[in-house]
Amino acid sequence: MRIEFSEITIKNFFSYGAKPTTLKLNTSPLNLISGVNGRGKSSLLVDALFFALFGKPFRSVKIKSIVNDINKKNCVVDLKFTVNNKSSRIIRGLNPDFIEFYHGEDKIDSRSSKKLMQKEIDNLIQLNPDTLKNICILSANQSKSFLDLLPHESRKVIENILGIYVYSLMLQEVNNKRLIYKEKFKQVEKDINFYIGIIKESENNISRMKLLRERFEKERIEKIEILKNSLAEKEESILTFQSDLVSLEKLGDIINEKRTDSSGLEKIITENRIKVKHLLDNLKDDRSKIEILGTNTTCPLCSSDLSAEHKELELSRLNNSIADKKKSIETILIQTKDSESNLADLRIEILELEKEITHRNELTTEIKITENDISAIKSNIKSLEEDTLERHLSNVLDKEKIQEYIDKYKAMKEEYNSLSEELLYCDYIKDVLSDEGVRSLVIKKELPFLNSRINEYLRRLGFGINIEFDELFSLIITNPRKKDYEYNNFSNGQKKRIDLAILMSFLDLARRKNSINTNLLIFDEVLDSSLDADGIADFIVLLNRGFEEGRYKNVFIISHKKELSLADCRKIEVLQDGEFSYLKED
């Protein structure tokens, strides 16, 4: 896997502003990026490279701090590179967040989630952050060197360098398959036990059939007898109800006649009461006239004098009229009393008839209920007469169903055997791909080369110790007096010599295995404080030899030392104009 980074462009990234800043990555073998601290030397290359490839900076800072704190938006990193000579490009941004990924002429669908897009990128470059750090970047500010990594992290780096990380992925896939097969295996076992239970239960049910049949027939006959008795009672009841109903059929006509008579009497009573009121009013008028004649000597109508004879005659007429009216009133009142008595009797008769009509309606309802009961009883009798034990036990005693269960049991058994073979195969592959399997053989084969290269670089860097990695990548450090050391016992300068030796050895191992190989080798402020003058001189000699042997293509040295002078190198100075950084190239 050959990855060649050609160009990176940034804007609104850390201290760089909205004006795009571009850095060519493959034009010069040796490159020096210099500038005072805080100007953005490391962010220009190291952080920008990591952000483009992995969506996060090299340093342990919050992702939002990447965006320029003056402009606060439109942060973009554009990285161009080739993978095995095929052009690729990643454009990644924040505020707004976006990612574009091109491989050759194809643009990967940007509608995919960030996670899926990152997976596409990882599959293409076949690099993870730890591996990239350990084959092309050495930083004085690096929080973790290779020797600080946890065992599983360091092993992952080595497997990437050796090109055998695919075995880890294969092992993961095998383990996933094993889990799936195990779950299927458990389910198949459960299904097999289920069908065995059903088949055994069916066999037991068949043996109990004779006893069940006798009991069923006895209960069926008893139920039919009970229903027939109930049917006879219901039929007798309905005959009685129908007979009673016939006698009540003419009640409607009778009650209608009674109600007509009642209405007539009510009308007569009302008319009589009006007549009595009218006669009483006339009586009152006559008495009033008699009173007037008794006290006056003139006629109240014409004002002429009343003679005694005329007055006597008028009084006699009025008294006769009063007597006649009293008699009429008395007669009407007697008639009214008789009518009211007759009306009361009629109303009592109507109430009795209404009760009988209610009873008739109840009888009609009772007849309908009884008829429904009779239909239900007949239906139940018919069902019982047609009923068989087999119908109730069809699910248990269905021979076709039992055979179906037997066939399913056989199929489950075959699947069980097949899964057993698959699990055995997966266990075998798991053993082959495990840490103690083929990966261990490859690592064991390459360890002598790696250890020899590390110690060769240590000698060239003037550091007289011996380093040995074992198969588990535990580190043993000794000096010529065979005294054991711990990595953390050394000074920072000595640690950087060890880190340099390991980094260069990893590059040699990657080229030897033709696994992961990039054109970049970045030393971030390694020469500023971690190495003394002799260490820097030894380091420059190593670089020159690497260029001569064709092992290094594009080396970038990042430094804030003004006095650092490198021959035959491209010089890039990071300066600041106001709030924003920019590049000046000699």
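Residues numbered from 1 in each chain as written. Predicted model: local features only at pLDDT ≥ 70, side-chain atom pairs only at ≥ 80, totals over all residues. Heavy atoms only, no water.

As a further point, take the overall build of the protein. If you tally the helices and strands in the protein, you get 15 helices and 16 strands. In the protein, which comprises 586 residues, the proportion classed as buried is 41%. Contacts in the protein between residues at least 24 apart in sequence constitute 71% of all its contacts with a sequence separation of at least 6. Within the structure as shown, the protein displays about 33,900 Å² of accessible surface, and the carbon and sulfur contribution to it stands at 50%. (Helix = DSSP H or I, 4+ residues; strand = E, 2+ residues; numbered from the N terminus. Buried < 20%, exposed > 50% of the residue type's maximum accessible area, 1.4 Å probe, protein only. Contact = heavy atoms within 4.5 Å. Areas by Shrake-Rupley, 256 points an atom, 1.4 Å probe, with all protein chains shown as cover.)

Of all 9 residues in strand β4 (residues 75–83), 7 are buried, a share of seventy percent or more. In this sheet, β4 lies alongside strand β1 (residues 2–11) in antiparallel orientation, the contact comprising 8 bridges. Note on β4: the bridge partner recorded for Glu-7 is Lys-80. Alignment of β4 against strand β5 (residues 86–94), held across 9 bridges, turns out to be antiparallel. Following the sheet pairing, Leu-79 is matched in β5 by Ile-90. (Pairing = 2+ DSSP bridges.)

All right, on to the packing of helix α4 (residues 151–162) against helix α13 (residues 492–513) then. Between α4 and α13, the least distance of the axes is 8 Å, while the angle of their chain directions is 40°. Looking at the two axes, α4 sits oblique to α13. On the side of α4, the interface is formed by Ile-158, Ile-161 and Leu-162, while α13 contributes Phe-506, Leu-509, Ala-510 and Lys-513. The residue makeup of the contact of α4 with α13, split by class, is 6 nonpolar, no polar and 1 charged. (Axes fitted to C-alpha atoms, helices over the stretch in contact; angles between N-to-C directions. Parallel < 35°, antiparallel > 145°, perpendicular 65-115°, else oblique. Nonpolar A, V, L, I, M, F, W, Y, C, P; charged D, E, K, R; others polar.)

Right, let's get into the pattern of salt bridges. The final tally for this structure, using the stated rule, is 21 salt bridges. A salt bridge links Arg-460 to Glu-456; its shortest N-O distance comes to 3.1 Å. On the criterion of helical spacing, the pair formed by Arg-460 and Glu-456 is a turn pair, its members being 4 residues apart in helix α12 (residues 438–460). Under the relative-accessibility criterion, Glu-456 is labelled partly exposed at 24%. (Salt bridge = Lys/Arg side-chain N within 4 Å of Asp/Glu carboxyl O.)

Take α12 next. The terminal C-alpha atoms of α12 lie 34 Å apart, and with 23 residues this matches the ideal 33 Å at 1.5 Å per residue to within 8%. Helix geometry: α12 is bent most strongly at Glu-446, by close to 40°, with proline Pro-448 lying one to four residues after it. Following α12 by one or two positions, Gly-462 adopts a phi angle in the positive range, close to 75°. (Expected span 1.5 Å × (residues − 1). Bend = angle between axes of the 7 residues up to and from the residue.)

It is worth spelling out the packing of aromatic side chains at this point. Each aromatic ring pair is described using two quantities: the centre-to-centre distance and the angle formed by the ring planes. Tallied over the full model, the rule gives 8 aromatic pairs. Centre to centre, the rings of Phe-13 and Phe-51 are 6.0 Å apart; their planes meet at 45°, and the pair counts as tilted. Highlighted residues: Phe-13 in the loop between β1 and β2 (21–24) and Phe-51 in helix α1 (residues 41–54), separated in sequence by 38 residues. A relative accessible area of 1% places Phe-51 in the buried class. When the ring of Phe-547 is compared with that of Tyr-552, the centres are 6.4 Å apart and the planes differ by 85°; the resulting orientation is edge-to-face. Overall, the relative accessible area of 6% leaves Tyr-552 in the buried class. Taken together, the ring pairs connect Phe-13, Phe-14 and Phe-51 into an aromatic cluster. Positioned over the ring face of Phe-14 is Arg-59, at 4.8 Å from the centre of the ring. (Phe/Tyr/Trp six-rings, centres within 6.5 Å; stacked < 30°, edge-to-face > 60°. Lys NZ or Arg CZ within 6 Å of the ring centre and 35° of its normal.)

Neighbouring strands of a sheet are bound in pairs by backbone hydrogen bonds; such pairs are parallel or else antiparallel. Pairing within the open sheet is mixed, and its 6 strands lie in the order β8-β13-β14-β3-β15-β16. What marks the edges here is a single partner per strand, and that holds for β8 (137–139) and β16 (580–585). Strand-to-strand twist of the sheet, defined as the mean angle between neighbouring strand axes without regard to direction, takes the value 15°. Here strand β15 (residues 570–577) pairs with β16 via 6 bridges, running antiparallel. When the sheet's bridge partners are listed, Gln-576 is paired in β16 with Ser-581. Together, β8 and β13 (520–524) form the strand contacts of α13, whose direction differs from that of β8 by roughly 175°. Across the sheet, helix α15 (residues 533–548) touches β3 (30–34), β13 and β14 (554–559), and the angle it forms with β14 is around 160°.

Under the defined criterion, the tally for this structure stands at 3 cavities of 30 Å³ or more. Computed from the structure, the largest cavity encloses a volume of approximately 80 Å³. Lining the largest cavity are 10 residues; nearest its centre among them are Asn-134, Leu-138, Phe-146, Asp-499 and Leu-503. Elements represented by at least two residues in the lining of the largest cavity include exactly α3 (129–136), β8 and α13. Among the elements that line the lining of the largest cavity, the one with the most residues is α13, at 3 residues. Across the lining of the largest cavity, the residue classes break down as 5 nonpolar, 3 polar and 2 charged. (1 Å grid on protein atoms, 1.4 Å probe; cavity = no way out; pocket = protein on both sides within 12 Å on 5 of 7 lines; lining within 4 Å. Points joined across faces, edges and corners; volume = space filled by probe spheres on them.)

Bringing unusual backbone geometry into the picture now. A cis amide bond links Asn-95 to the next residue, Pro-96, at an omega of 10°. Residue position: Pro-96 is located in the loop between β5 and β6 (98–103). One non-glycine residue, Asn-74, lies in positive phi territory at about 55°. For Asn-74, the position within the fold is in the loop between α1 and β4. Given the relative accessible area of 37%, Asn-74 is considered partly exposed.

Attention now moves to a nonpolar patch on the surface. Among the surface-exposed residues, Tyr-425, Tyr-428 and Val-432 lie close enough to one another that they form a single nonpolar patch of about 330 Å² accessible area. The residue Tyr-425 is located in helix α11 (residues 399–433) in this model. (Patch = residues over 30% accessible without salt bridge, like charges linked within 9 Å, V, L, I, M, F, W, Y side chains within 5 Å.)

This brings us to the side chain of Thr-336. By secondary structure assignment, the location of Thr-336 is in helix α8 (residues 308–386). On the basis of relative accessibility, which here comes to 7%, the residue Thr-336 falls in the buried class. Non-local contacts of Thr-336, meaning those with residues more than four positions away in its chain, are made with Ile-269 and Asn-272.

A few words now on α15. For an α-helix the count is 3.6 residues per turn, leaving residues at separations of three or four pointing the same way. Along its 16 residues, α15 runs 23 Å from first to last C-alpha, staying within 8% of the 22 Å computed at 1.5 Å per residue. Taken residue by residue, α15 has Gly-535, Ile-536, Phe-539, Leu-542, Leu-543 and Gly-546 as its buried positions. For α15, the buried positions fall inside an angular range of 120° around the axis, keeping them on one side. Among the exposed residues of α15, those oriented more than 90 degrees off its buried face are Ala-533, Asp-534 and Glu-548. Following α15 by one or two positions, Gly-550 adopts a phi angle in the positive range, close to 75°. (Arc of directions from axis to C-beta.)

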